[in-house]
Amino acid sequence: MAYKISDECIACGACAAECPVSCISEGDGKYVINPDECLECGACADVCPVGAPAKD
Ligand code: SF4
Ligand code: SF4
């Protein structure tokens, strides 16, 4: 089970900078996580200002 970014995302990019495996990229209006690479470390959720990343 990977983390997933909800529609609350305001595309600030903070999570992508913190992800240890660089599996977060900018998508269409929000950032997206590649579920095949996510380690479920939670770093993205810790830095997100709006609580968008959560376990899928
Ligand atoms: Fe990256 Fe960790 Fe977030 Fe997965 S949980 S997307 S590995 S920062
Ligand atoms: Fe979106 Fe949160 Fe990532 Fe910023 S830190 S790009 S608001 S998921």
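Our subject in this report is the structure included herewith.

Conventions used here
- Residues numbered from 1 in each chain as written.
- Chains lettered and ligands numbered in written order.
- Predicted model: local features only at pLDDT ≥ 70, side-chain atom pairs only at ≥ 80, totals over all residues.
- Heavy atoms only, no water.
- Helix = DSSP H or I, 4+ residues; strand = E, 2+ residues; numbered from the N terminus.
- Rg over C-alpha atoms; globule rule 2.2 N^0.38 Å.
- Buried < 20%, exposed > 50% of the residue type's maximum accessible area, 1.4 Å probe, protein only.
- Near = heavy atom within 4 Å.
- Nonpolar A, V, L, I, M, F, W, Y, C, P; charged D, E, K, R; others polar.
- Contact = heavy atoms within 4.5 Å.
- Core = buried A, V, L, I, M, F, W, Y, C linked by side-chain atoms within 4.5 Å.
- Salt bridge = Lys/Arg side-chain N within 4 Å of Asp/Glu carboxyl O.
- Polar contact = N/O pair within 3.5 Å; in protein donor to acceptor, adjacent residues only side chain to side chain.

1. Remarks on the overall build of the protein chain
Okay, so step 1: Looking only at helices and strands, the protein chain has two helices and four strands in total.
Okay, so step 2: Counted from the first residue to the last, the protein chain has its helices and strands arranged as β-α-β-β-α-β.
Okay, so step 3: Whereas a compact globule of 56 residues would reach a radius of gyration of roughly 10 Å, the protein chain reaches 9 Å, a difference of no more than 12%.
Okay, so step 4: In terms of principal-axis extent, the alpha carbons of the protein chain reach across some 25 × 20 × 20 Å.
Okay, so step 5: Sorting the 56 residues of the protein chain into buried and exposed places 34% on the buried side.

2. Quick look at the site of ligand 1
Okay, so step 1: Around ligand 1 sit 14 residues, and of these Cys19, Cys38, Cys41, Gly42 and Cys44 come closest.
Okay, so step 2: Tallied by class, the residues present in the shell around ligand 1 amount to twelve nonpolar, one polar and one charged.

3. Structural notes on the environment of Val50
Okay, so step 1: With respect to the helices and strands, Val50 occurs in the loop between α2 (43-47) and β4 (53-55).
Okay, so step 2: Residues within four places of Val50 in sequence aside, it is in contact with Glu8, Cys9 and Ile10.

4. Examining the nonpolar core
Okay, so step 1: With 14 residues, the main nonpolar core has Ile5, Cys15, Ile24, Tyr31, Ile33, Cys38 and Cys44 as its most contacted residues.
Okay, so step 2: At the level of elements, β1 (3-5) and β3 (31-33) are the ones that each hand at least two residues to this core.
Okay, so step 3: Beyond its immediate chain neighbours, meaning those up to four positions away, Tyr31 contacts Ile5, Cys9, Ala11, Gly13, Cys15, Ala16, Ile24, Ser25 and Glu26.

5. Brief notes about the pattern of salt bridges
Okay, so step 1: Per the stated rule, a full pass over the model turns up two salt bridges.
Okay, so step 2: The residue Lys55 makes a salt bridge to Glu40 at a minimum N-O spacing of 3.7 Å. One end of the pair, Lys55, is in strand β4; the other, Glu40, is in the loop between β3 and α2, with 15 residues separating them in the sequence.

6. Looking at the side chain of Lys30
Okay, so step 1: Examined against the element boundaries, Lys30 turns out to sit in the loop between β2 (24-26) and β3.
Okay, so step 2: Looking at Lys30, its side chain comes within polar contact range of the side chain of Asp7, at 3.4 Å.
Okay, so step 3: Non-local contacts of Lys30, meaning those with residues more than four positions away in its chain, are made with Ile5, Ser6, Asp7, Cys9, Ala11 and Ser25.

7. Looking at unusual backbone geometry
Okay, so step 1: Despite not being glycine, Ala11 shows a phi value in the positive range, around 55°.
Okay, so step 2: Tracing the backbone shows Ala11 in the loop between β1 and α1 (14-18).

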